[in-house]
Amino acid sequence: MDIRELKNRFIQKRDYQTDDVNALMDFARKSYIHNEISIKEYHLLIRELENKGAVFPETTKDTTLIEQTNS
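Quick notes on the rules
- Residues numbered from 1 in each chain as written.
- Predicted model: local features only at pLDDT ≥ 70, side-chain atom pairs only at ≥ 80, totals over all residues.
- Heavy atoms only, no water.
- Patch = residues over 30% accessible without salt bridge, like charges linked within 9 Å, V, L, I, M, F, W, Y side chains within 5 Å.
- Areas by Shrake-Rupley, 256 points an atom, 1.4 Å probe, with all protein chains shown as cover.
- Salt bridge = Lys/Arg side-chain N within 4 Å of Asp/Glu carboxyl O.
- Helix = DSSP H or I, 4+ residues; strand = E, 2+ residues; numbered from the N terminus.
- Buried < 20%, exposed > 50% of the residue type's maximum accessible area, 1.4 Å probe, protein only.
- Contact = heavy atoms within 4.5 Å.
- Axes fitted to C-alpha atoms, helices over the stretch in contact; angles between N-to-C directions.
- Parallel < 35°, antiparallel > 145°, perpendicular 65-115°, else oblique.
- Nonpolar A, V, L, I, M, F, W, Y, C, P; charged D, E, K, R; others polar.
- Expected span 1.5 Å × (residues − 1).

(A) Examining a nonpolar patch on the surface more closely. On the surface, Tyr32, Ile33 and Ile39 cluster together into a nonpolar patch covering about 270 Å² of accessible area. Mapped onto the fold, Tyr32 is located in helix α2 (residues 21–33). We classify Tyr32 as partly exposed; its relative accessible area is 31%.

(B) Focus on the environment of Phe10. Positionally, Phe10 belongs in helix α1 (residues 3–14). Along the sequence, Phe10 and Ala23 sit 13 residues apart, while their C-alpha atoms lie 9.3 Å from each other. Look past the residues within four positions of Phe10 in its chain and what remains in contact with it is Asp15, Tyr16, Thr18, Ala23, Leu24 and Phe27.

(C) Representation of the packing of α1 against α2. Running from amino to carboxyl end, α1 crosses α2 at an angle of 80°, the nearest separation of the two axes being 10 Å. Comparing the axis directions of α1 and α2 gives the class roughly perpendicular. Residue-level inspection shows Ile3, Leu6, Lys7, Arg9, Phe10, Lys13 and Arg14 of α1 in contact with α2, the latter providing Ala23, Leu24, Phe27, Ala28 and Lys30. Of the residues in the contact of α1 with α2, the class split is seven nonpolar, no polar and five charged.

(D) Local environment of α1. Spanning twelve residues, α1 covers 16 Å between terminal C-alpha atoms, matching the ideal 16 Å at 1.5 Å per step. Turning to α1, the residues buried within the fold contact α2 and α3 (39–51).

Okay, here's the thing in structure tokens:
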């Protein structure tokens, strides 16, 4: 699978077109989680999307929904 095919799947599932590499990366991740693409396809897509500028969102400890307790 290449990015062109990923975009086509995105259009079919989401009903709109995007060239946003971060949105495509998120879509690829969800497709992998739902067993719609293999780990090999996932890695190839992520590598290609990162080469085009996609980045995973950064997370910090401050954004957790789990209450911290001091022990």
